[in-house]
Amino acid sequence: MRKPCIKVPKINGEPTRCTLIELELLDHSAKIASDAQCLYLPLIRVPEAPEFEQIPEGVEISEFEFKVQQKKPTLEDLLGLMPHYEVIGDIALIEIDEMEAEKIADALLKVHPHITTVLGAVTPVTGEYRIREFRLIAGVETTETIHREHGCLYAVDLAKAYFTPRLGTERFRVLSRIKPGDVVVDMFAGVGPYSILIAKKAGPKKVIAIDKNPDAIRLLRRNIDLNSADNVEAIEGDANEEAQRFAGIADHVIMNLPHSAHEFLDAAVGLVRNGGIIHYYGITPEDDLYDSSSGLIRDAAARAGRVVEVVDKRIVRSYAPHQYNVCIEVLVE
Ligand code: SAM
């Protein structure tokens, strides 16, 4: 298509292009062209005199036969709807019961070149290790990838150890509570997204990261190496038992096992020093978001002859209809 354009020596091409964008004169429907010396920047219209003054010197108004610029289609363009999906490294997860899962997967591969695998979860997150099964819907058959979050790298295997990017904001919130020199115990560390973030960004003295799932600990050790997080100690074992070795050392105890964290409260209280904080996660109904859980924490403290003060409580995310994943933070004396 023949269009008016600015012909500019290549050396001045970038500032001229930026000025045309600011003036809303660059025509994005045509592909910028070039020859050995010059760029040809397609115009929506010829600039008026005051506009022309703002364009870097040494350009000339001309005409050129441009190629049409293909607009990259969006998911909505391809599907007529915006599907629910989440991206972990180069894997996209979609709902398996979503109508036309294959069509959605193909569109994801087309629109996001960095996605190479599309998986659908066949089961919910279940069992002691909080994992689920997946089915390949499109792309390369794998459940392993490397995910980047807050500048840290995480090797994950979605079929073997729990990981969700949905807690990224929550992890950052907990990070903001940790002070340099603190000792942190991550009782249910998984592949390490709390432990490694804290180790890398908060300057703690030590992070003790416990998990019962051998695969989670294998990946956690790999992630310690990937991030050079040498102050993380990875321990494979049951948090209730392992906690006995670290009585009274923690400034912060992270209890991210929302369905059954209450079964580990005595151990958590035993870990925390006077003035330290327990970050307790639970799944609670909307009509009792915090009270019952706070009561359980208070009871555990009382059993150890200690007292707690709730210093923060919040909804982390909605979990199911009328049910929420909440965090309660208590200071233990
Ligand atoms: N904190 C990690 C994260 O944010 O990705 C993992 C959280 S996941 C909800 C809970 C983790 O607790 C799982 O990795 C599971 O293997 C681990 N776990 C379950 N029971 C445990 C126990 N008795 N002792 C230690 N870890 C346990």
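Located above this text is the structure these notes cover.
In this report, the structure presented in the accompanying data block is examined. What you see as residue numbers is a count from 1 along each chain, following the sequence as written. Thresholds applied to this predicted model are a pLDDT of at least 70 for local features of residues and 80 or more for the giving and counting of side-chain atom pairs; totals over whole chains, interfaces and linings are not thresholded and use all residues. Hydrogens and waters are ignored; side-chain quantities use all the structure's heavy atoms.

Throughout this document, a residue counts as near a molecule or strand when at least one of its heavy atoms sits within 4 Å of that molecule or strand. As a structural note, the neighbourhood of the ligand is formed by 19 residues, with Phe188, Asp211, Asp238, Ala239 and Asn256 the closest of them. For the purposes of these results, a polar contact is taken to be a pair of N or O atoms within 3.5 Å, where, inside protein, one atom must be able to donate a hydrogen and its partner to accept one; residues adjacent in sequence count only when each atom of the pair is a side-chain atom. At 2.9 Å, a backbone N or O of Ala239 approaches a nitrogen atom of the ligand. Here the ligand, which alone exposes 600 Å², has 98% of that area covered by the protein. The nonpolar class holds Ala, Val, Leu, Ile, Met, Phe, Trp, Tyr, Cys and Pro. Asp, Glu, Lys and Arg form the charged class, and all remaining residues, Gly among them, are polar. Looking at the shell around the ligand residue by residue, the class counts come to 10 nonpolar, four polar and five charged. Surface accessibility in these figures is a Shrake-Rupley result with a 1.4 Å probe; residues are shielded only by whichever protein chains are displayed.

With that settled, the discussion passes to the sheet that holds strand 15 (residues 272-285). Any two strands between which DSSP finds at least two bridges are classified as paired. Put simply, DSSP H or I for four residues or longer makes a helix, DSSP E for two residues or longer makes a strand, and each gets a number counted from the N terminus. The strand order 13-12-11-14-15-17-16 describes an open sheet built from seven strands, whose pairing is mixed. Edge strands, defined here as strands with exactly one partner in the open sheet, are strand 13 (232-236) and strand 16 (308-320). When strand polarity is set aside, the average angle formed by the axes of neighbouring strands in this sheet is 15 degrees. Its contacts with the sheet place helix 6 (residues 193-201) against strand 11 (183-186), strand 12 (206-211), strand 13, strand 14 (250-255) and strand 15, and it is angled at close to 170 degrees to strand 12. What counts as an axis is a line fitted to C-alpha atoms, over the stretch in contact for a helix, and the angles between N-to-C directions run from 0 to 180 degrees. In this analysis, two residues are considered to be in contact whenever any of their non-hydrogen atoms come within 4.5 Å of each other.

Remark: helix 5 (residues 168-175) packs on helix 6, axes separated minimally by 10 Å, with the N-to-C direction vectors making an angle of 45 degrees. For the element pair helix 5 / helix 6, the angle class is oblique. Remark: the crossing between helix 5 and helix 6 carries right-handed chirality. Across from Glu170, Arg171, Phe172, Val174 and Leu175 in helix 5, the residues of helix 6 making contact are Pro193, Tyr194, Leu197, Ile198 and Lys201. To sort the angles, those under 35 degrees are grouped as roughly parallel, those over 145 as roughly antiparallel, those from 65 to 115 as roughly perpendicular, and the leftovers as oblique. The crossing is said to be left-handed when, going from far helix to near helix, the turn is anticlockwise and less than a right angle, and right-handed when the turn is clockwise.

Here the expected span of a helix is defined as 1.5 Å times the quantity of residues minus one. Taking 1.5 Å as the rise per residue, helix 10 (residues 291-303) with 13 residues should run 18 Å; its terminal C-alpha atoms sit 18 Å apart, in good agreement. Within the span of helix 10, buried status applies to Ser293, Ser294, Gly295, Ile297, Ala300 and Ala301. On its buried face, helix 10 sits against helix 9 (265-271), strand 15, strand 16 and strand 17 (323-332). Throughout, exposure labels follow a simple rule: accessible area from a 1.4 Å probe, protein chains only, divided by the maximum for the residue type, with under 20% read as buried, over 50% as exposed, and the rest as partly exposed.

The next thing to look at is the environment of Thr142. For Thr142, the position within the fold is in the loop between strand 8 (134-139) and strand 9 (144-149). Note on Thr142: relative accessible area 26%, which makes it partly exposed. The spatial distance from the C-alpha of Thr142 to the C-alpha of Thr116 is 9.5 Å, given a sequence separation of 26 residues. A polar side-chain atom of Thr142 sits 3.0 Å from the main-chain amide nitrogen of Glu144.

Time to look at a nonpolar patch on the surface. Only residues whose relative accessible area exceeds 30% and that form no salt bridge enter a patch; like-charged residues are grouped when within 9 Å of one another, and nonpolar side chains (Val, Leu, Ile, Met, Phe, Trp, Tyr) when within 5 Å. Salt bridges are counted wherever a side-chain nitrogen of Lys or Arg sits within 4 Å of a carboxyl oxygen of Asp or Glu. On the surface, Val46, Phe52 and Ile61 cluster together to form a nonpolar patch covering roughly 220 Å² of accessible area. Examined against the element boundaries, Val46 turns out to sit in the loop between strand 3 (38-42) and helix 2 (49-54).

Looking now at the sheet that holds strand 5 (residues 85-88). The strand order across the open sheet built from four strands is 5-6-7-8, with neighbouring strands paired in mixed fashion. At either margin of the open sheet sits one strand with a lone partner, and together these are strand 5 and strand 8. For this sheet, the mean inter-axis angle between neighbouring strands, taken without regard to orientation, is 30 degrees.

Further remarks concern the packing of aromatic side chains. Note on aromatic contacts: the rings of Phe and Tyr and the six-membered ring of Trp form a pair at centre separations within 6.5 Å, being stacked when their planes are under 30 degrees apart, edge-to-face when over 60 apart, and tilted otherwise. For the structure shown, the criterion picks out five aromatic pairs. Between Tyr40 and Phe64, the ring centres sit 4.4 Å apart and the planes meet at 25 degrees, which makes this aromatic pair stacked. Pair noted here: Tyr40 is in strand 3 and Phe64 is in strand 4 (residues 60-65), with a separation of 24 residues, a long-range link. Judged by relative accessible area, Tyr40 falls into the buried class, the value being 8%. Exposure remark for Phe64: the relative accessible area of 23% places this residue in the partly exposed category. In textbook terms, an aromatic cluster arises when at least three aromatic residues are bridged by ring pairs, as seen for Tyr40, Phe64 and Phe66. Between Arg171 and the ring centre of Tyr194, over which it is positioned, the NZ or CZ distance is 5.8 Å. A ring is scored as having a charge over it whenever the NZ atom of a lysine or the CZ atom of an arginine sits within 6 Å of its centre and within 35 degrees of its normal.

We now examine the pattern of salt bridges. This structure, assessed with the given rule, holds 23 salt bridges. Notably, a salt bridge pairs Glu102 with Arg135, separated by 3.9 Å at the nearest N-O pair. A residue pair is termed long-range when its members are at least 10 positions apart, and Glu102 in helix 4 (residues 101-111) and Arg135 in strand 8 qualify at 33 residues. Residue Glu102 is classed as partly exposed on the basis of its relative accessible area of 42%. Judged by its relative accessible area of 37%, Arg135 is partly exposed. Here Glu170 makes a salt bridge to Arg173, at a shortest N to O gap of 3.1 Å. One end of the pair is Glu170 and the other is Arg173, both in helix 5 and three residues apart, which spans about a single turn. The exposure class assigned to Glu170 is buried, which follows from its relative accessible area of 2%. Here the salt bridges do not stand alone but share partners, grouping Glu170, Arg173, Arg177, Asp312, Arg314 and Glu329 into one network.

Let's shift gears to the nonpolar core. Counting 40 residues, the largest nonpolar core has Leu158, Ile198 and Leu220 as the members making the most contacts within it. Apart from the residues lying within four places of it in its own chain, the contact partners of Ile198 are Val174, Leu175, Ile178, Val184, Gly203, Pro204, Val207 and Ile254. Among buried residues, the Ala, Val, Leu, Ile, Met, Phe, Trp, Tyr and Cys ones that are joined through side-chain atoms within 4.5 Å form a nonpolar core. Formed by 33 residues, the second largest nonpolar core is a distinct cluster that contains Leu257, Phe264, Ala267 and Val330.

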